Amino acid sequence: MKIQVAKQKGKADPFFRVDARINRRVFKEGDQIELRVTPTRDAYISVFNILADETVLILVPNRFRPDNFVAANSTFVFPDVNDRSKGISLEAFAGEGRKETKEMFHITVWIY
């Protein structure tokens, strides 16, 4: 991932909102995980998976889905049907020999 740091321009937008949802609160091993993000303005989205051992995986953007732009009031779904057709899925997995684990998805949304 290429990152560029820049000073924020403009004023805060108190009407900008992001609705981020996951398809379940608790998952059993083998369950499919789906993330949905809906911004109220055109935005770019990055999705990170923070594992129990604090390993961070970049889920979006990725080489199969480099375009992480989402139009205002449109819902970004990951993985979507196109992702699944390429073999990309998020399947709940506790880990070898573990009964449970705790992970986190971190969604970053920025606008221009």
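Our structure's up above, just so we're on the same page.
Counting restarts for each chain, with residues numbered from 1 along the sequence as it is written. Reporting in this predicted model follows two pLDDT cut-offs: at least 70 for local features of residues, and 80 or more for side-chain atom pairs to be given and counted; totals over whole chains, interfaces and linings ignore these cut-offs and use all residues. Water and hydrogen atoms play no part in the side-chain values, which are based on all heavy atoms of the structure.

**Overview of the packing of aromatic side chains**
Thinking step 1. Here the aromatic set is Phe, Tyr and Trp, taking the six-membered ring for Trp, and pairing holds for ring centres within 6.5 Å; pairs whose planes are under 30 degrees apart are stacked, those over 60 apart are edge-to-face, and all others are tilted. Throughout the structure, instances matching the rule amount to two aromatic pairs.
Thinking step 2. When the ring of Tyr44 is compared with that of Trp110, the centres are 6.0 Å apart and the planes differ by 20°; the resulting orientation is stacked. Of the two residues, Tyr44 sits in strand β3 (residues 43–50) while Trp110 sits in strand β7 (residues 104–110), which places them 66 residues apart along the sequence.
Thinking step 3. A 1.4 Å probe rolled over the protein chains alone gives each residue an accessible area, and that area as a share of the maximum for its type sets the label: buried under 20%, exposed over 50%, partly exposed in between. The exposure class assigned to Trp110 is partly exposed, which follows from its relative accessible area of 30%.
Thinking step 4. One aromatic cluster is present, built from ring pairs that chain together Tyr44, Phe69 and Trp110. Runs of H or I in DSSP of at least four residues are treated as helices and runs of E of at least two as strands, each being numbered from the N terminus.

**Quick word on the layout of surface pockets**
Thinking step 1. Empty space within the second largest pocket amounts to approximately 670 Å³.
Thinking step 2. Lining the second largest pocket are 22 residues, and of these Phe27, Ile33, Ala92, Thr101 and Glu103 sit closest to its centre.
Thinking step 3. Classifying every residue of the lining of the second largest pocket gives eleven nonpolar, two polar and nine charged. Cavity and pocket criteria rest on a 1 Å grid covering protein atoms alone: a 1.4 Å probe that fits but cannot get out defines a cavity, protein on both sides within 12 Å along at least 5 of 7 lines defines an open pocket, and an atom within 4 Å of a point defines a lining residue. Grid points are joined across faces, edges and corners, and a volume is the space filled by probe spheres set on the points. We call Asp, Glu, Lys and Arg charged. Ala, Val, Leu, Ile, Met, Phe, Trp, Tyr, Cys and Pro are nonpolar, and the rest, Gly among them, are polar.

**Regarding the nonpolar core**
Thinking step 1. Here, nonpolar core means buried Ala, Val, Leu, Ile, Met, Phe, Trp, Tyr and Cys residues that are tied together by side-chain atoms lying within 4.5 Å of each other. Of all hydrophobic cores here, the largest spans 13 residues; its most connected members are Ile45, Val47, Leu59, Val60, Phe76, Phe78 and Leu90.
Thinking step 2. Elements with a contribution of two residues or more to this core: β2 (35–39), β3, β4 (56–60) and β6 (76–78).

**Overview of the pattern of salt bridges**
Thinking step 1. By definition here, a salt bridge exists when the distance from a side-chain nitrogen of Lys or Arg to a carboxyl oxygen of Asp or Glu is within 4 Å. Following the criterion strictly, the structure yields seven salt bridges and no others.
Thinking step 2. The residue Arg41 makes a salt bridge to Asp13 at a minimum N-O spacing of 3.3 Å. Of this pair, Arg41 sits in the loop between β2 and β3 while Asp13 sits in the segment before β1 (18–22), placing them 28 residues apart in sequence.
Thinking step 3. Overlapping salt bridges bring together Glu34, Arg36 and Arg84 as one network.

**Brief notes about unusual backbone geometry**
Thinking step 1. The omega torsion of the bond from Val60 to Pro61 falls at 0°, within 30 degrees of zero and hence cis.
Thinking step 2. Tracing the sequence through the fold places Pro61 in the loop between β4 and β5 (69–70).
Thinking step 3. Residues other than glycine seldom take positive phi values, yet Glu54 does so here, at roughly 75°.
Thinking step 4. With respect to the helices, strands and loops of the structure, Glu54 is situated in the loop between β3 and β4.
Thinking step 5. Here Glu54 falls in the exposed class, since its relative accessible area comes to 67%.
Thinking step 6. Backbone geometry at Asn73 places phi at a positive 60°, although glycine is not the residue there.

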